[in-house]
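Structural features, examined
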Amino acid sequence: MRTFLVVMDESQEARAALRYAARRAVAVKGAVHILAVVAQQNVSAFGAVQDTIEQEAHDRAEMLANGIGGNLLAESGIMPTISVKVGNNQSIVSDFLKNHNEVAALVLGAASGNPGPLVTHFSAHAGELPCPVYIIPNDYDETSSDHEV
């Protein structure tokens, strides 16, 4: 099954990418995988504090992804798969793509002006990836576009 991978955070551009991925998945009878990445904390002096901060960030990312996943199910009928990982965004996404052959495309949202670190990184390395990268502008309105999805 063709799966569209969306890296999710609380940004408007990530939501635009998710809407686009959902429409593509519906069109090809595919799936959506939401990947939420939690930055690893560097508070090494107090290991218990670091663990607590990371757990709270993990729980927040999981709640965000599940909430958005529920909205996606209601809007498109697609129940996304959700993963929450701790670490560096680029490394987590690169490893995910290497280990999941079912991913048909990495769908990223781009902010106005500075597109963001993931878009910058993966657009520069697109030729090295096992799948295409779709970059969706944060203000893209697929319902008013005459492009076929």
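Anything mentioned here points back to the structure above.
Residues numbered from 1 in each chain as written. Predicted model: local features only at pLDDT ≥ 70, side-chain atom pairs only at ≥ 80, totals over all residues. Heavy atoms only, no water.

**What to know about the overall build of the protein**
Counted only if it meets this: Each helix corresponds to a stretch of at least 4 residues labelled H or I by DSSP, and each strand to a stretch of at least 2 residues labelled E; elements are numbered beginning at the N terminus. Using a 1.4 Å probe on the protein chains alone, a residue whose accessible area is under 20% of its type maximum counts as buried, one over 50% counts as exposed, and one in between counts as partly exposed. Any two residues whose heavy atoms approach within 4.5 Å are treated as being in contact. Methods summary: accessible areas were calculated by the Shrake-Rupley approach with a probe of 1.4 Å, and residue burial reflects only the protein chains presented.
Helices and strands together make up the secondary structure of the protein, namely 4 helices and 5 strands. Starting at the N terminus and walking to the C terminus, you meet the elements of the protein as β-α-β-α-β-α-β-α-β. Residues counted as buried form 42% of the 149 residues belonging to the protein. Long-range contacts, defined as pairs at least 24 residues apart, comprise 73% of the intrachain contacts of the protein with a sequence gap of at least 6. Counting only carbon and sulfur atoms, one obtains 49% of the accessible surface of the protein, whose full area is about 8,200 Å².

**A few points about the sheet that holds strand β5 (residues 133–137)**
Worth spelling out the cut-off: In this analysis, strands are considered paired if DSSP registers two or more bridges between them. Axes here refer to lines fitted to C-alpha atoms; in helices the fit is confined to the stretch in contact. Angles between the N-to-C directions go from 0 to 180 degrees.
If you trace the 5 strands from one edge of the open sheet to the other, you get β3-β2-β1-β4-β5, paired in parallel fashion. On the outer flanks of this sheet lie β3 (81–86) and β5, each paired with one strand and no other. Put simply, the sheet's adjacent strands are angled 25° from each other on average, direction ignored. Where helix α4 (residues 117–124) meets the sheet, its contacts fall on β1 (3–8), β4 (103–110) and β5, and the angle it forms with β4 comes to roughly 135°.

**Structural notes on the pairing of β5**
In regular strands, side chains alternate between the two faces of the sheet. Condition: Place the viewer so that the strands point away; then a crossover is right-handed whenever the path from the first strand over the helix to the second strand goes clockwise.
Bridging between β4 and β5 involves 5 bridges; their strand directions are parallel. Across the sheet, the residue bridging to Leu106 is Val133, located in β5. Chirality of the crossover, the property in question, places the unit of β4, α4 and β5 among those that are right-handed.

**Some points on the side chain of Thr3**
Within the secondary structure layout, Thr3 lies in strand β1. Residue classification places Thr3 among the buried positions, given a relative accessible area of 8%. If sequence neighbours within four positions are ignored, Thr3 has contacts with Ala31, Val32, His33, Glu102, Val103, Ala104 and Ala105.

**Comments concerning the packing of aromatic side chains**
Filter applied, for reference: Side-chain rings of Phe, Tyr and Trp, where Trp is taken by its six-membered ring, are said to pair if the distance between their centres is within 6.5 Å; with planes under 30 degrees apart they count as stacked, over 60 as edge-to-face, and otherwise as tilted.
Throughout the structure, instances matching the rule amount to 2 aromatic pairs. With a centroid separation of 6.4 Å and an interplanar angle of 40°, the aromatic rings of Phe4 and Tyr134 are classed as tilted. Pair noted here: Phe4 is in strand β1 and Tyr134 is in strand β5, with a separation of 130 residues, a long-range link. Taking relative accessible area as the criterion, Phe4 reaches 0% and is therefore assigned buried. Each ring, one from Tyr20 and one from Tyr134, has its centre 6.0 Å from the other, and the planes form 85°; the classification is edge-to-face. Within this pair, whereas Tyr20 is found in helix α1 (residues 12–28), its partner Tyr134 is found in strand β5, the two being separated by 114 residues in sequence. Looking at Tyr20, the relative accessible area reads 15%, which means it is buried. One aromatic cluster in this structure is built from Phe4, Tyr20 and Tyr134.

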